[in-house]
Amino acid sequence: MVKILHLENPEIGKRFEAVRSSLTGWDQAWLDQLRAEAMTRFETTGIPGPKVEEWKYTNLGFLANENFAISNKARQQTEIKTLFDRAHMENIDGPVVVFVNGHIYPALSSYPDGHGISFAVFSENCQAFHPSLANIEYSSALNDLNRAMVTDGYSLEIAPDVVLAKPIQVIHIVTSATDMKLLPVRSQIIAGKKSKARIIETFIGAEGERYWSHMVSEVTLAAKAELSLVQFQLQGKQAIHMTELHTKVAEKANFSHISLQLGSEISRTELLNSFNGEFANVDLRGAYLGRIKQSHDIFTRINHDLPNCNSNQLYRGVLDEGGKSAFQGKVVVARDAQKTNADQSNKNLLLSRKAEANAKPELLIYADDVKCSHGATVGELDSNQLFYLRSRGLDEAAAKGLLVEAFVSEVFDDLDDEILRDKFKEKAAGWLAQELPS
Amino acid sequence: MLEIKNLHVTVGGKEILKGLNLTINDGEVHAIMGPNGAGKSTLSYAICGKDGYEITEGSVTYKGKDFLDMNPDERAGEGLFLGFQYPVEIPGVSNMNFLRTALNSQRCYRGDKDMAAVDFLKLIRAKAKELDMDPEMLKRPVNVGFSGGEKKRNEMVQMAVLDPNLAVLDETDSGLDIDALKIVAEGINRLRASDKAILMITHYQRLLDYVVPDYVHILADGRIVKTGDKSLALALEEKGYVGLGITEAA
Ligand SMILES: Nc1ncnc2c1ncn2[C@@H]1O[C@H](COP(=O)(O)OP(=O)(O)OP(=O)(O)O)[C@@H](O)[C@H]1O
Ligand SMILES: [Mg+2]
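Keep in mind the model is a prediction, meaning the values are calculated, not measured.

Scoring rules and cut-offs
- Residues numbered from 1 in each chain as written.
- Chains lettered and ligands numbered in written order.
- Predicted model: local features only at pLDDT ≥ 70, side-chain atom pairs only at ≥ 80, totals over all residues.
- Heavy atoms only, no water.
- Helix = DSSP H or I, 4+ residues; strand = E, 2+ residues; numbered from the N terminus.
- Rg over C-alpha atoms; globule rule 2.2 N^0.38 Å.
- Buried < 20%, exposed > 50% of the residue type's maximum accessible area, 1.4 Å probe, protein only.
- Contact = heavy atoms within 4.5 Å.
- Areas by Shrake-Rupley, 256 points an atom, 1.4 Å probe, with all protein chains shown as cover.
- Phe/Tyr/Trp six-rings, centres within 6.5 Å; stacked < 30°, edge-to-face > 60°.
- Lys NZ or Arg CZ within 6 Å of the ring centre and 35° of its normal.
- Donors = N, O, S within 2.8 Å, 3.2 Å for Na, K, Ca; no water.
- Pairing = 2+ DSSP bridges.
- Domains from an automatic or database assignment.
- Salt bridge = Lys/Arg side-chain N within 4 Å of Asp/Glu carboxyl O.
- Polar contact = N/O pair within 3.5 Å; in protein donor to acceptor, adjacent residues only side chain to side chain.

> Looking at this structure, how should I read the overall build of chain A?
If you tally the helices and strands in chain A, you get 10 helices and 22 strands. Relative to a compact globule of 438 residues, whose C-alpha radius of gyration would be 22 Å, chain A shows 21 Å and is just as compact. By the burial criterion, 60% of the 438 residues in chain A qualify as buried. Within chain A, contacts between residues separated by at least 24 positions form 85% of all contacts whose residues are at least 6 apart in sequence. Split by element, the accessible area of chain A, about 17,200 Å² in all, is 49% carbon and sulfur.

Structure, rendered in structure tokens:
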């Protein structure tokens with residue numbers, strides 16, 4: 001049965017064997033063994049096909065058909081600098097961690113350091129990643145493929161009571177080259193009790209370049225920790241971009257994730273959360289904008305196993321001609337999870353008849369004393385609003401732009417950092433200005 | 001200023017305006033009254049160029065230019081302002097941002113540079129004050145959660161900032177309390193000038209006590225059926241449409 005739902009590509013296993021002895025940390029037996037085990041699991045499971053419900057909206061066919069080269073370290077300094085400048089927010093003068101083609105790039109990096117901060121890079125210290133690589137709790141086909149082939153990544157541990165004054169910027173750059181590249185990167189973040197931090201991650205790549213960027217992140221928040229993870233996805237138009245984020249949130253801790261999907265041909269954002277303490281809060285929000293062959297897939301799963309926790313999800317999508325999206329959000333409230341608050345809101349704006357948005361919020365509630373809501377809409381711009389704006393002098397493009405900006409701004413209006421709010425606005429407005437009819 | 005000749009407008013497959021003629025000269029104030037459903041708002045939308053208001057016959061000429069050839073935003077750039085009978089709510093767009101974008105769009109259309117942010121702020125604060133609008137409302141999303149009267153007053157703030165040559169005001173007086181009516185009327189009077197013109201659509205004589213029109217027209221069944229001066233509005237107030245011999249199917 002497994003075989004019907006899953007696709008195979010024996011080339012991937014062969015490729016692994018061929019490069020195995022040159023992978024990062026190849027000389028460390030424990031790592032080589034974990035990689036091999038992961039590859040075996042991946043080959044046994046196979047690649048989820050379009051008949052697997054969770055993968056209905058993102059076709060992994062390319063994995064079955066294409067041959068990947070593990071990215072090489074070929075570097076073009078001017079190109080790197082140009083991409084870096086587009087991603088880097090220099091008015092935030094915190095630490096910066098830069099990866100180029102899936103490998104750390106020390107020349108542009110300044111690692112986070114200071115009291116209570118342990119930071120490590122996989123290619124410099126594999127050992128630091130042992131816990132995450134050995135933990136197969138989150139095992140899945142793509143996670144295992146990532147684990148087997150991982151080139152680099154970062155690990156951040158924040159000691160109890162430590163508050164990071166400045167956000168950490170992590171920038172993933174992909175340069176132009178000829179082969180399709182596989183860029184498996186990982187991160188693990190451990191936020192100690194009552195610690196507070198923000199990480200801003202930007203993914204950016206050369207236009208016209210076909211590559212598969214796959215990132216697995218494992219995040220743990222101890223009691224009363226506060227962690228905000230902000231992600232800007234500005235990949236090249238032919239890229240395939242996937243992130244898989246696992247979060248575990250302890251008592252009274254707050255986790256927030258906010259993302260903007262602008263680039264790539266295919267994007268898939270997986271956010272999988274479980275609570276392991278009461279009175280904890282998780283806030284997931286994002287905007288995705290797509291047109292011309294682009295497809296964005298937001299897949300969330302929030303398990304409320306314990307009472308008194310809150311989860312909030314807010315996603316806004318704008319699809320223009322040829323753009324497609326899916327929001328599959330699942331909230332499961334276990335029988336004992338009384339006093340759960342869970343909200344899910346997904347609204348989509350179609351700017352063309354040839355655009356498609358799939359909204360699938362799902363609530364499974366087994367407790368009786370809970371407050372849960374979900375709402376999903378797919379609509380067009382309001383013609384009365386457009387006319388009102390135009391009657392005041394705004395031309396069609398400006399009127400549409402203002403309405404679309406207002407529509408997505410709900411996602412980031414509450415952000416407590418003005419620099420970030422402006423960045424979201426600037427990027428979204430830039431997308432609109434690109435190709436809306438004038 | 002504005003010349004409308006034999007205007008026929010079809011909406012949703014139904015002919016609403018059936019050969020309407022109206023000429024407004026520089027410096028004049030006209031009032032249009034008429035029964036519900038007569039086509040008054042249809043006329044205002046047709047002047048403004050709203051989609052779905054199909055002009056099957058006739059012409060609308062503004063300062064010698066063919067208005068029917070222009071988009072709504074171009075007409076605004078030429079100096080037209082429409083005060084809506086039902087102002088539209090726009091969540092997520094602040095009043096301030098909306099008005100600044102509108103003003104600068106019009107300036108750009110006329111070949112002027114954007115107004116500097118400080119100057120704009122001064123201007124809008126002054127206009128809000130004139131119309132007794134709480135400056136806090138400028139930060140709120142356009143018309144969202146505004147009361148009926150607040151929405152109308154907001155239209156007047158927009159008019160004051162945009163300073164049009166021709167204002168078409170569709171029932172701007174409806175829903176205003178007595179004090180607000182006076183404030184709004186003063187706002188309209190401030191716009192009066194020898195090189196400007198105003199067309200007010202209203203159901204009530206009261207507004208015309210404050211803003212005295214040069215002409216009063218009665219629109220019924222898609223045409224102007226009677227034209228007079230201020231006394232026509234008084235006669236109408238006294239006798240009603242039927243009393244003046246005007247029925248829905250005139
Ligand atoms: N989209 C439409 N389809 C069909 N009929 C319409 C449409 N829009 C307006 N009408 C009709 O056109 C007629 C004129 O409407 P209009 O709004 O111009 O009237 P009005 O004179 O402004 O009335 P009121 O005094 O009530 O504001 C009405 O009978 C109305 O029902
Ligand atoms: Mg009307």
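Picking up where we left off.
> Please clarify how the packing of aromatic side chains should be interpreted in this entry.
For the coordinates displayed, the defined rule picks out 15 aromatic pairs over all chains. Ring-pair connections join several aromatic residues into one group, and the members of that group are Phe387 and Tyr388 of chain A together with Tyr45, Tyr53, Phe84 and Phe98 of chain B. Taking the ring centre of tryptophan 55 of chain A as reference, the NZ or CZ of arginine 268 of chain A above it sits at 3.7 Å. One Lys or Arg, arginine 268 of chain A, reaches over the ring of phenylalanine 299 of chain A and ends 4.6 Å from the middle of that ring.

> Just to check I follow, could you spell out the coordination of the magnesium ion (ligand 2) for this structure?
In ideal tetrahedral geometry, four donors around a metal make angles of 109.5 degrees, whereas ideal octahedral geometry with six donors gives angles of 90 or 180 degrees. Residues and elements named next belong to chain B. For the magnesium ion (ligand 2), the full set of protein donor atoms is Ser41 (OG) and Gln85 (OE1), at a range of 2.0 to 2.1 Å. Linking serine 41 in helix H1 (residues 40-48) with glutamine 85 in the loop between strand E6 (80-83) and strand E7 (90-94), this pair joins segments that are 44 residues apart in sequence. One exposure class covers both serine 41 and glutamine 85, and it is buried.

> Sorry, what's going on with the pairing of strand E8 (residues 168-174) of chain A here?
Strand residues, when the strand is regular, have side chains that alternate between the two faces of the sheet. Residues and elements named next belong to chain A. The buried fraction of E8 is high, at 7 of 7 residues. Alternating residues of E8 divide into Ile168, Val170, His172 and Val174 and Gln169, Ile171 and Ile173, and every residue in both groups is buried. Relative to strand E10 (residues 196-205), E8 runs parallel, the two sharing 7 bridges. What sits directly across from histidine 172, in E10, is phenylalanine 203.

> Help me understand the domain arrangement of chain A, please; the structure alone is not making it clear to me.
Often the size quoted for an interface is simply the accessible area lost on bringing the parts together. Residues and elements named next belong to chain A. Taken domain by domain, chain A comprises domain 1 (71-381) and domain 2 (382-438). Distance from the C-alpha centre of domain 1 to the C-alpha centre of domain 2: 25 Å. Taken together, the contact between domain 1 and domain 2 spans 35 residues of the former and 26 residues of the latter. At the junction of domain 1 and domain 2, the tally comes to 3 salt bridges. Residue arginine 316 is joined to glutamate 410 by a salt bridge in which the shortest nitrogen-to-oxygen separation is 3.2 Å. Where domain 1 touches domain 2, the interface holds 6 residue pairs in polar contact (both at pLDDT 80 or more). Mapped by element, the contributors of at least two residues to the side of domain 1 that touches domain 2 are helix H5 (77-87), E10, strand E12 (226-234), strand E14 (254-261), strand E16 (281-290), strand E18 (310-319) and strand E20 (341-350).

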